[in-house]
Amino acid sequence: MADAVGHEGALGAPRVVADGAALAARTGAADERGAVWRLAEPERHLDANVIALPPLGRIEPHDGPAEDVLWHVLAGAGTLETDGEPVALRAGAIVWLPRGSRRAVTAGEEGLRYLSVHRRKGGLGIGARPAD
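Engineer: Would you mind going over the layout of surface pockets with me for this structure?
Structural biologist: With a probe scaled to a water molecule rolled over the atoms, the places where space remains empty come into view. The volume enclosed by the largest pocket comes to roughly 540 Å³. Taken together, 23 residues line the largest pocket, and the ones lying closest to its centre are Arg15, Val17, Leu39, Glu41 and Arg44. At the level of elements, α1 (20–25), β2 (46–53) and β7 (102–119) are the ones that each hand at least two residues to the lining of the largest pocket. It is β2 that contributes the most residues to the lining of the largest pocket, three residues altogether. Counted by class, the lining of the largest pocket contains 15 nonpolar, three polar and five charged residues. One number sums up the size of the second largest pocket: a volume of about 260 Å³.

Engineer: Please explain the side chain of Arg113 as it appears in this structure.
Structural biologist: Its location among the elements puts Arg113 in strand β7. Looking at Arg113, its side chain comes within polar contact range of the main-chain oxygen of Arg26, at 3.3 Å. Not counting residues up to four positions away in its chain, the partners in contact with Arg113 are Leu23, Ala24, Arg26, Thr27, Glu32, Val36, Ile51, Ala52, His72, Val73, Leu74 and Ala75.

Engineer: How should I be thinking about a nonpolar patch on the surface in this particular structure?
Structural biologist: A cluster of nonpolar side chains, namely Leu70, Ile94 and Trp96, defines an oily patch on the protein surface of about 360 Å² accessible area. Summarising the element assignment, Trp96 is placed in strand β6 (residues 94–97). Residue Trp96 is classed as exposed on the basis of its relative accessible area, which comes to 55%.

Engineer: Looking at this structure, I do not really get the pattern of salt bridges. What am I missing?
Structural biologist: Between side chains of opposite charge, pairing is possible as soon as their charged atoms come close. Summed over all chains, the structure comprises ten salt bridges. Note that Asp68 and Arg99 form a salt bridge whose closest N and O atoms lie 3.4 Å from each other. Residue Asp68 is located in the loop between β3 (58–63) and β4 (69–81), and its partner Arg99 is located in the loop between β6 and β7; the two are separated by 31 residues in the primary sequence.

Engineer: Would you explain the nonpolar core in this entry?
Structural biologist: Formed by 14 residues in total, the largest nonpolar core has its most connected members in Trp71, Leu80, Leu89, Val95, Val105 and Leu112. Sorting the residues of this core by element identifies β2, β4, β6 and β7 as the ones contributing at least two each. For Leu80, the contacting residues outside a window of four places in its chain are Trp71, Pro86, Val87, Leu89, Val95, Leu97, Arg103, Ala104 and Val105. Counting residues in hydrophobic clusters, the runner-up holds five residues, among them Trp37, Leu39, Ala48 and Val50.

Conventions we followed
- Residues numbered from 1 in each chain as written.
- Predicted model: local features only at pLDDT ≥ 70, side-chain atom pairs only at ≥ 80, totals over all residues.
- Heavy atoms only, no water.
- 1 Å grid on protein atoms, 1.4 Å probe; cavity = no way out; pocket = protein on both sides within 12 Å on 5 of 7 lines; lining within 4 Å.
- Points joined across faces, edges and corners; volume = space filled by probe spheres on them.
- Helix = DSSP H or I, 4+ residues; strand = E, 2+ residues; numbered from the N terminus.
- Nonpolar A, V, L, I, M, F, W, Y, C, P; charged D, E, K, R; others polar.
- Polar contact = N/O pair within 3.5 Å; in protein donor to acceptor, adjacent residues only side chain to side chain.
- Contact = heavy atoms within 4.5 Å.
- Patch = residues over 30% accessible without salt bridge, like charges linked within 9 Å, V, L, I, M, F, W, Y side chains within 5 Å.
- Areas by Shrake-Rupley, 256 points an atom, 1.4 Å probe, with all protein chains shown as cover.
- Salt bridge = Lys/Arg side-chain N within 4 Å of Asp/Glu carboxyl O.
- Buried < 20%, exposed > 50% of the residue type's maximum accessible area, 1.4 Å probe, protein only.
- Core = buried A, V, L, I, M, F, W, Y, C linked by side-chain atoms within 4.5 Å.

Geometric descriptors of this kind do not, in isolation, establish any biological role.
Pasting the structure below:
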C-alpha cells in the first residue's frame, strides 16, 4: 500500500537516531577511540558511524574503501593527510573523500570526533565451492 506521498513499502518513519551534541561533548575523552556510535538500522542503504580520536591520536595512512565517504567534523580539530596538501579539520567542516583515496588523520590537542557516512558495503557471501 502506498503512503500519502506515493512511497511503497517504507521501512519505517524518519526518526532521530543519535544526539550529535552529546556525542561531540565527549571529545577529548582519552578512553574513547574508534567507532563510538554506529547506525544500526537493519534495512539501510547507508553506513554511518562516529569516530573518536583522543588528543593527538592518529589513524595511520591507508587506502580508503571503494566507496566515496563524507565526513562531518562534530567537534575538536585535527589534520587529514592525503597525497596532496594536508587538510585542516575543524568542527563544522564537511569533507568529501573520493573512493580509494589515501588518507591518514591526526587529532589536535583537544581530540577529534567526526561522523562518517558512505554507501553500505555488501556482506560477505558464501559462494559456490571451487571445482576440484
